[in-house]
Every structure is written in C-alpha cells, then in structure tokens.
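Observations on the three-dimensional arrangement
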Amino acid sequence: YRDLHTFELQAPTRLIEWARGNRVCVAGYGQCDGNEILQLIPPPTLLTKETQGLCPERDFKVECGGFSERPVYSLKYVPDTSLLVTSGPPDSSLQVWQVSAEDSDVIKSVSTIATENGTGQSWAKIATISARAPWVLHGSRLDRVQITEVESRKNVYTAASRGSEELSSLAFLDCNLLLLCCATGRLCLADTRQPQGLVEAVPAPSAPCGEHWCMGTRHAAQGSEPSSQPVARLSSSGLLALTDLRKTSEFLALAKARVPSPGSGAEFLCVSWAPALESYLAISGFDGTVHVYDTQSWDSSGKEAEPIFIHKGHIFGGAGGSRDPPLVTVHTWHLQKPRTLLSAASDGSLHVWDWVQPCGKC
C-alpha cells in the first residue's frame, strides 16, 4: 500500500457515495429501526488532489447524520443540491433527505416518492442527475422504470417494456440516454425523447442458468458520445464482460475473475470503472477482498484474468468479535486520485486505500 485509512462504523453499511465538497455518505442496512445515514469528512490527505506526506489527522469525522426507519439498500447524492435519495425494503418507494446547513448536524427526511403498485415490489435501484433538473431514475423491474423530479415529485418519464425482469443496476449515460441491467445480465437502452421505446442492447454472455449480474458504467469524456464508453458486467460466478454499446453484436472482452462463489443471492456484487485510469476496474462482493484489474490486455477468450492488486484489509483489520469473516459490501473509486478506493464491509469497517503501482506499469 501507498496509504491506508480505516474507520469503524456502528453498523454494517452497503453504500458509499461521494457528495459535494468531497464528503462521503454512508448508510446502514440492518432490518431494525434506526439505520444511520452519515456524512463523513475524509482524512485531510484525501481532500487534496496531490498525494501529501505524513499527516497527523488520519481519521474520518462525522459531519452530520440522521436515522432511517427502514434498511437503506441504495443511496445516491443528487448533484448540485444538498439532497440524498435512498431506497430499501419493504417496497419500491424512495426517501428524499436534506443534508442540513453548516449550523446543523442533522440529515432529515423531507419527502417520500411513492411508486405506482409499489407495495409488494422489491426495493428500487436508483441513479441521479441534475442536467436539466434534479432527477432520479428508479425502478425494481424492467416494466416499472421511471424518472421523477426530486423536488416536485413529478413523474417526467416512464419507460415502455413488455418484460418484467428484475433490475440489478441502472444508470444515466446522459440526460437523454438510460442504461438498464437486468439481474439476468441483459442490457437495455432507453431514450427519454422516445417514451415508448425500450431497446435491448445485448443479451447476457453464455453462463450457467441462475447467474446474477450487475453492471458498471464510465462517465463519457467531455466531447465524446456517452455510448462510446465500455460497459462492464459482472456475474455471480465471476465472469466479466465488456461491451461497446455502439457495436453490440460482439464483446469487447470476456474474462473470468478468480473469486469464490458468493454466499446467498449475490446481493453485494459490485463492479466499477476507475474514473481517472483508462482501463482499470474493480470488483467485490464475493468475500472480504476487492480485486483491481487492468483490462487493456483482455480479449474475447474468457480466460482467467490476473488481478494487479487485491485489497485484503477487511479480512485482517476488521472490527473484531465477529465469528464470520467480513464480506465487502461495496467499493467506489476516489474521483480525482487515480489509484485510491473506498470499501466497506459487513463488520462495519470502512477503508480508504491506495496501492503502489506495480513495476513495469508506470
């Protein structure tokens, strides 16, 4: 490691979200009442773009917080606002939160976005954008995807679909293009300018029946087409598929990660592209580790890929007292520091780490 920071939360968290001012938001997912939602100030070394030397203050600090009466399974910061949107069981409704001003340390609930026939549906996956207005894209199944204006709670778009597959991930490619990933691995594109159109982009790679999939997207570089950025899909058996949405008839690359089979339901599967490194991605959700890969040399053979770094800190440096090994529940990349990641685990540990570039990769 070049650097490693650890912080112990009061409860397990499955969410890490960057907010304005380089703040970090986390939330608990316990089934009981009183799940915490916290906004943390990172250690000073993470608030500068350049790597600094030794710093006397190495801990996160709680800036403000609140409590959710339901488990928080998804949390997104609404860009250019002080709002957070969360979702979680027992239905597909959304909760909107206000991160208070400097004179208060409270994150308070301000509204609920109810969904049609939301009762009995699984919790909603969400994505946010503020290109036109503060919008949230949300849905639990392919035929229940919509965009809602966060502040007015007005529905501004509903996607059309004949399928009702469960969704695992969704994303704004830009203010018009939406990308949806089904749990079966199927990708679908939607365009807000064509309310009746939902186009299947590409089916899932050949894999055993019952595989669960998730996806990771990259933000398009300024001036480039949003569909030009590769989409990564990860299956519960560790299969990784890279897809160019402009040419869906073939895969950019296929590879197999060296990971154990997930425990139950693959609910913590996570794959993400590095925002400041061209071909790097990270995966987690199989055990107490995070694997980092350089995809530059991958082809379509599907052979096993060798990670360039494995973070094992949650296994050896957890909160202690737990009988079961911790499971990494989520990870995310630092927005400016190329090789810095944050990861959280089921034992309440939150880590920020930066690995040393391997020799020959400089």
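See the structure above.
Residues numbered from 1 in each chain as written. Predicted model: local features only at pLDDT ≥ 70, side-chain atom pairs only at ≥ 80, totals over all residues. Heavy atoms only, no water.

1. Things to note about the state of the cysteines
- Counted according to the given criterion, the structure contains zero disulfides.
- In this structure Cys181 is a free cysteine whose sulfur lies 6.7 Å from that of Cys182, the closest cysteine sulfur available.
- The thiol of Cys188 is not disulfide-bonded; the next cysteine sulfur, from Cys182, is found 5.0 Å away. (Disulfide = S-S within 2.5 Å.)

2. Here's the deal with the packing of aromatic side chains
- A full pass over the atoms with the stated rule returns eight aromatic pairs.
- Summarising the aromatic geometry, the rings of Tyr293 and Trp298 are spaced 5.8 Å apart at their centres and angled 65° between planes, so their arrangement reads as edge-to-face. Considered together, Tyr293 and Trp298 belong to a single accessibility category, that of buried residues.
- Geometrically, the ring pair formed by Phe309 and Trp355 is stacked, given 5.9 Å between the ring centres and 20° between the ring planes. A residue pair is termed long-range when its members are at least 10 positions apart, and Phe309 in strand β25 (residues 309–311) and Trp355 in the segment after β28 (349–354) qualify at 46 residues.
- Taken together through their ring pairs, the aromatic side chains of Tyr280, Phe309, Trp333, Trp353 and Trp355 make up a single cluster.
- Sitting over the face of the ring of Tyr73, Arg14 holds its NZ or CZ atom 4.2 Å from the ring centroid.
- Its end group placed over the ring of Trp123, Lys125 keeps NZ or CZ at 4.1 Å from the ring centre. (Phe/Tyr/Trp six-rings, centres within 6.5 Å; stacked < 30°, edge-to-face > 60°. Buried < 20%, exposed > 50% of the residue type's maximum accessible area, 1.4 Å probe, protein only. Helix = DSSP H or I, 4+ residues; strand = E, 2+ residues; numbered from the N terminus. Lys NZ or Arg CZ within 6 Å of the ring centre and 35° of its normal.)

3. Quick notes on the side chain of Arg218
- The residue Arg218 is located in the loop between β18 (213–216) and β19 (231–235) in this model.
- Residue Arg218 is classed as buried on the basis of its relative accessible area, which comes to 14%.
- For Arg218, the contacting residues outside a window of four places in its chain are Gln229, Pro230, Trp273, Ala274, Pro275, Leu277 and Glu278. (Contact = heavy atoms within 4.5 Å.)

4. Observations regarding the sheet that holds strand β8 (residues 94–99)
- Taken in spatial order, the four strands of this open sheet run β6-β7-β8-β9, and their pairing is antiparallel. With one partner strand each, in any of the chains shown, β6 (74–77) and β9 (107–113) form the two edges of the open sheet. The average angle at which neighbouring strand axes cross in this sheet is 25°, direction not considered.
- In this structure, β6 lies alongside strand β7 (residues 83–87), joined through four bridges in antiparallel fashion. Bridging from a neighbouring strand, Tyr77 pairs with Leu84 of β7. (Pairing = 2+ DSSP bridges. Axes fitted to C-alpha atoms, helices over the stretch in contact; angles between N-to-C directions.)

5. Thoughts on the environment of Asn176
- Position of Asn176 relative to the elements: it lies in the loop between β14 (167–172) and β15 (177–182).
- Classification of Asn176 as buried rests on a relative accessible area of 11%.
- Put simply, Asn176 and Asp191 are 15 residues apart on the chain and 5.5 Å apart in space, counted from C-alpha to C-alpha.
- In this view, Asn176 contacts Arg132, Ala190, Asp191, Thr192 and Arg193; residues no more than four positions away in its chain are not counted.
- Separated by 2.5 Å, the side chains of Asn176 and Arg132 make a polar contact. (Polar contact = N/O pair within 3.5 Å; in protein donor to acceptor, adjacent residues only side chain to side chain.)

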